[in-house]
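Per-entry structural report
Here's the letter readout for the chains.
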Amino acid sequence: MSSLAEPAAPGVPARSPALSPAPGPSRGGGERRTGGSGAGADLGAVQDAQLRSVDLNHVIKLLEDSESKDLQKEQLKTLEKVVKHFENGFPLENLAQIIEILNLCAEKVNEQEAFTEHLCELIKLCGLPFHKKKFSDEVSYSTTVSKFIAQLGYLMRVPSSQVRIQICKCVVSFYNMELPRKVLSGYQPTSANYKIQMAELGGLAETLILSLALVENQLTEKLWVLKALQHLSSSGVNCRLMMKAQAASRLCLYLNGVDPSGQLVFRSSEILWNLLENSSKEEVANQLSSLECVYALKEVFVNLLMHGFRHYDRQLRNDLLVFATLLAENPAAPMIESGFAKLLIVLATFTEVKIPNPLVKGLKFTYSHEDFEMKKLLFNVIRVLSKDPRAVQLLSENDVMPALLYYIKPNQKPGFHEWSAAQYEELQLCAIAILASVAPLLVDKYLSCQANTLLLVFLEWCIGQDSSFDQGNFHGTGGRGNKLAQMRYSLRVLRSVVSLYDEAMNLNLCDQGAISQLLDILKYAANKSKEKEDAILLEIQADIVFILSVLCENDLHRKELFSYEGVDILIPFIQIDPKKLYSGLGHNRLLFSALDCLWSCVIGCCKAEDYFLEKQGIFLLLDLLALKQKNLYNVILGILVEFCDNLKTTLHINIWRGEKDQTAANLLIQLWRQEELELGLKRDRYGRIVDLKRPIASSFQKQQEVTPLPSNCPSFAIMEVSESIRAKLFLLLCKLGFENLPGLSAEDFVTLAIIKHYIDFKVGEVWNELCAELKEFRPVELDEEALEVILQLSEDTGRKVAALQTEVLESQHRQEIQEEHKTYAKIIATHKQKEIVNKSWENFLSRTSNYEALKKAKRLQEKAIEASRSKSKTQNGPVHSTEIKGLGTTIGSGRLVTIESTPPLLTGGPLAVTDLARRKPFFYEGALKKIKRIKKLDSVKNQYLSSR
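Residues numbered from 1 in each chain as written. Predicted model: local features only at pLDDT ≥ 70, side-chain atom pairs only at ≥ 80, totals over all residues. Heavy atoms only, no water.

A word on the overall build of the protein
A tally of helices and strands in the protein yields 45 helices and 2 strands. When burial is assessed residue by residue, the protein has 44% of its 948 residues classed as buried. A separation threshold of at least 6 residues defines the contact pool for the protein, and within that pool the share at least 24 residues apart is 77%. When the accessible surface of the protein is summed, it comes to about 51,400 Å², and 54% of that surface belongs to carbon and sulfur atoms. (Helix = DSSP H or I, 4+ residues; strand = E, 2+ residues; numbered from the N terminus. Buried < 20%, exposed > 50% of the residue type's maximum accessible area, 1.4 Å probe, protein only. Contact = heavy atoms within 4.5 Å. Areas by Shrake-Rupley, 256 points an atom, 1.4 Å probe, with all protein chains shown as cover.)

So, the pattern of salt bridges
Under the criterion given, the structure shown has 34 salt bridges. K375 serves as the salt-bridge partner of E352, at 3.0 Å between the closest nitrogen and oxygen. Of the two residues, E352 is situated in the loop between α18 (340-349) and α19 (369-385) and K375 in helix α19; the sequence distance between them amounts to 23 residues. Assigned by exposure class, E352 and K375 land together as buried. Among the ionic contacts, a cluster of salt bridges with common partners joins E720, R726, K762 and E765. (Salt bridge = Lys/Arg side-chain N within 4 Å of Asp/Glu carboxyl O.)

So, the packing of helix α10 (residues 204-211) against helix α12 (residues 236-244)
Running from N to C, α10 and α12 point in directions that differ by 40°, and their axes come no closer than 8 Å. Considering how the two elements wind past one another, α10 and α12 form a crossing that is right-handed. Contacts from A205, E206 and I209 in α10 reach N238, L241, M242 and K244 in α12. When the residues that make up the contact of α10 with α12 are grouped by side-chain class, the tally is 4 nonpolar, 1 polar and 2 charged. (Axes fitted to C-alpha atoms, helices over the stretch in contact; angles between N-to-C directions. Left-handed = near helix turned anticlockwise from the far one by under 90°. Nonpolar A, V, L, I, M, F, W, Y, C, P; charged D, E, K, R; others polar.)

Topic: a negative patch on the surface
On the surface, E781, E784, E785 and E788 cluster together to form a negatively charged patch. Relative to the helices and strands, E784 resides in helix α41 (residues 781-849). (Patch = residues over 30% accessible without salt bridge, like charges linked within 9 Å, V, L, I, M, F, W, Y side chains within 5 Å. Lys, Arg positive; Asp, Glu negative; His and termini not counted. Charge placed at Lys NZ, Arg CZ, Asp CG, Glu CD.)

Details of the environment of T190
The topology assignment puts T190 in the loop between β2 (188-189) and α9 (194-202). Placed 52 residues apart in sequence, T190 and E138 show a C-alpha to C-alpha distance of 7.2 Å. Here T190 is in contact with L92, P129, F130, K132 and E138, once residues within four sequence places are set aside.

Digging into the side chain of K222
Inspection of the secondary structure assignment puts K222 in helix α11 (residues 219-232). Look at K222: it is buried, it has no salt bridge, and the nearest opposite charge is E216 at 6.4 Å. Discounting chain neighbours no more than four positions away, the residues touching K222 are L212, V215, E216, Y254 and L264.

With respect to helix α8 (residues 161-173)
Residues spaced three or four apart along an α-helix face the same direction, because each turn holds 3.6 residues. Over its 13 residues, α8 runs 18 Å from end to end, which matches the ideal 18 Å to within 8%, given 1.5 Å per residue. Residues S161, V163, R164, I165, Q166, I167, C168, K169, C170, V171, V172 and S173 constitute the buried set of α8. Packing partners of the buried residues in α8 comprise α5 (115-125), α7 (142-154), α10 and α11. (Expected span 1.5 Å × (residues − 1).)

Looking at the confidence of the model for the protein
Within the protein, residue pLDDT values average 82, and 83% of them lie at 70 or more. This stretch, residues 1-51, has a pLDDT under 50; its non-local contacts, to residues over four places away or in other chains, come to 58 contacts. Long-range and interchain partners of residues 905-925, a stretch whose pLDDT sits below 50, account for 6 contacts in this model, where long-range means more than four residues apart. (pLDDT = per-residue confidence, 0-100.)

Description of helix α14 (residues 263-278)
In this model α14 runs 22 Å from its N-terminal to its C-terminal C-alpha over 16 residues, within 8% of the 22 Å that 1.5 Å per residue would give. Within α14, 12 of the 16 residues are buried, which leaves it mostly tucked inside the rest of the structure.

Points about the packing of aromatic side chains
Tallied over the entire structure, the rule returns 18 aromatic pairs. Aromatic side chains F90 and F148 sit 6.5 Å apart centroid to centroid with 65° between the ring planes, which places their arrangement in the edge-to-face category. Here F90 is found in the loop between α3 (72-85) and α4 (95-109), whereas its partner F148 is found in helix α7, with 58 residues between them in sequence. Residue F90 shares its accessibility class with F148, and that shared class is buried. Relative to F148, the ring of F130 lies with its centre 5.7 Å away and its plane at 80°, an arrangement referred to as edge-to-face. Pair noted here: F130 is in the loop between α5 and β1 (131-132) and F148 is in helix α7, with a separation of 18 residues, a long-range link. (Phe/Tyr/Trp six-rings, centres within 6.5 Å; stacked < 30°, edge-to-face > 60°.)

A word on the side chain of Q151
In this fold, Q151 is placed in helix α7. In this structure the side chain of Q151 is engaged in a polar contact, spanning 2.3 Å, whose partner is the side chain of N103. Excluding its chain neighbours within four sequence positions, the residues that come into contact with Q151 are I99, N103 and R157. (Polar contact = N/O pair within 3.5 Å; in protein donor to acceptor, adjacent residues only side chain to side chain.)

With respect to a nonpolar patch on the surface
On the surface, W841, F844 and L845 cluster together to form a nonpolar patch covering roughly 290 Å² of accessible area. Looking at where F844 falls in the secondary structure, it is placed in helix α41.

Quick look at the state of the cysteines
A complete count under the given rule lists 0 disulfides for this structure. Here C601 stays unpaired: no disulfide links it, and the sulfur of C597, its closest cysteine neighbor, is 3.4 Å away. (Disulfide = S-S within 2.5 Å.)

Observations regarding the environment of L804
On the secondary structure map, L804 appears in helix α41. Sequence-wise, L804 and A753 are 51 residues apart; in three dimensions their C-alpha atoms are separated by 7.4 Å.

Points about the packing of helix α28 (residues 535-552) against helix α30 (residues 587-601)
At a minimum axis separation of 8 Å, α28 and α30 run at an interaxial angle of 20°. Considered as vectors, α28 and α30 are oriented roughly parallel to each other. For the element pair α28 and α30, the recorded crossing hand is left-handed. Every residue of α30 that contacts α28 at L538, E539, Q541, A542, D543, V545, L548, S549 and C552 is listed here: H587, R589, L590, S593, A594, D596, C597, S600 and C601. (Parallel < 35°, antiparallel > 145°, perpendicular 65-115°, else oblique.)

Considerations on the environment of L709
Mapped onto the secondary structure, L709 falls in the loop between α36 (699-703) and α37 (716-723). In the structure, L709 is positioned 64 residues away from E773 in sequence and 8.5 Å away in space, judged by C-alpha atoms.

Quick word on unusual backbone geometry
Notably, Y367 is not glycine yet its phi reads approximately 60°, a positive angle. Inspection of the secondary structure assignment puts Y367 in the loop between α18 and α19. With a phi angle near 65°, N554 is a residue other than glycine that sits in the positive phi range. Here N554 is to be found in the loop between α28 and α29 (556-574). On the accessibility criterion, N554 (73% relative accessible area) is exposed.

Structure, rendered in structure tokens:
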């Protein structure tokens, strides 16, 4: 019986023994000869011809004959001849006959052990590549080959250890394919992966899993089967086939079997790992969730933990811990009932909490890399168990909270407590991350351990200027040389505990000055974000803003602590570039957190509200609303409605102007129309009401059938108020007033008429639903009349609004007509002015080209001048002539005029008796000479024109 070769090194799959060489080709490429003479060559040729003449059908008939016992020698001799003939591999066309021969040999092995060796030799040949004549043979014979390989798996039923081991060796050889020593003439070997593909098609992996039950008590055979399955499990197809045969549970039950070599646990865990990677994790977990499997896994894990000192043992222990984590994630797994969960929790905390526990008595940590990995895996088990309500008691009893809080302290030096700097920091971040999951479950433990104090002191260290030992590990995303990772995870812990809205927890935080400290950290993170924005800084800011929102909500004193400094920090968050909202870094989350903080920390505190208004915060909110981001509507409108309780707010809203001088009222009405469009409301092309009975009911409401509901269940009409933004728009416009709203068009006034009667229409909807519910119960006559009056009143309101809308549209139409007339009159006046200008130009041209027209114009000009003169003569005064002598034009004179001074003797003015009147500066004399020359030139010009 063959024995399994020992592995060369722990953790490395053992190699199968080399197949024993059979007679084959010589180094020169010819057949091996028994001698060098010609007679020997002739004998070899005869033997070769005999081998080629093997009739497989005759072999099958010979093996089927079981009546005569004397045929055994001939049968064995014939099988030997078949083995010799196909020593280099089977051709594809002979596989169907080889299957029958294998089955017949398997039957005879049960009766005659002499056939065992020949059956093993035939199975051994199955490990060689098959031979094909054409490239298409692989596809043509695929069904036959898959059945052939499947038949190998069925041969595991043969009660022979030698046969079973040889089958497993054959399967392993599929993955370590060696080229044949000689290729048959006219044939070529199949591709290297051909047998692997056919094994998948034939379902060999499933057959071998089922065969484990046959070799349960034979260690050597079991190990060979596991080795074959280890190779087969590298394929996803085979893994799915194995899972059909309950491979995970079968393998897990074999983990704690007796095996001095340790290969049983190793190979079983390797196959389980392949099943996890190549099939459904949920299905693997379900198969491992039986109590027997959990006990087996626990027993092997404890054995490796306490007695495994080799590097290989520690790696295998960590692999089993991964399977345990997978089971912990499955609520159906009896991890708590088996005691496995308690053992893992104690292991995770025994180095931090110095409390003796018999479960880990004698256990020592070596601070090796494998122990470091185990520590992280155990922390992860705590995180998984924290999701199971049944495990909360275990977490509380086994001091998980003090163990996790052990890491809430600054990194003092490299190599802290035997761990390297990078290892300690990673464990620290793991512990803080898990604390965020555990703290909300163990609030009493959290408070008794003064966790808030530890976290606030730790956060103070995070923003300090001392050196950091951040190694930039997986949890410490954000780079080396900073403490952002510690800050990030610590804030997650605070966020998780304040999310409980536990007043004792929040009071404990505020009494320690958390609000002012968080504002300092927020300012620090905001300044860092100005240098370089990244997702971690944005997450930190969003978490701090959320924590402040919860702490300050419904507490005026805390809001006052937040007021000035907090508003200054919130303003830049609200004044965000719209392009950043979709950057993927987290600006949108920060914006929502800031708006929530504004609602919780500012509204309700007059001092904070006034300061926000001074910082033009209302303008920023309206700017955000004008972006028309649907996910922002509800929160911004809610904030504006709450802010309107402050009398200064409405003034700010009315002053605001958006793009193209848009007013806030116009913006709100646009949002109303957009909401109606999305709700599918019916309006005519002018925006007027169409359905008078239910004018504001959405298409979804109209499609729903009204069913009787309990009094504490809201109907569709009531639920729509909270889901739609129309109620907030109505309230905001009520605060602003429906009269004298600036910047509205006729279309806006039409919509405003609907908004103004929103409550009336909503009341009508509720009465409609009430009447529909009462159809099943006939009301008394008086109640029925009252319902009819109410419904009629609602319809009359709709009719009145529709009439008002029509009146608005008609008024707008009349105004448009008046504006059209005014515009037309302006156009006519413009045309007339153009005609006058053209006529004046034509007259000017006629005067320059027609002398008679010029004289006529001259006469008309003189008459006009004469008519314009005053009829009464000025007494005792000089008379000045207005005519320019020798002038031959009819156009107006130039800007040059001659002024004749009044003689001083006639007027007796003040200049007559002063020296200034007698002085004539030299530049006056030059100016007079220039005037005389100009007058002389004009006289010459006039004479020239008269002569023409």
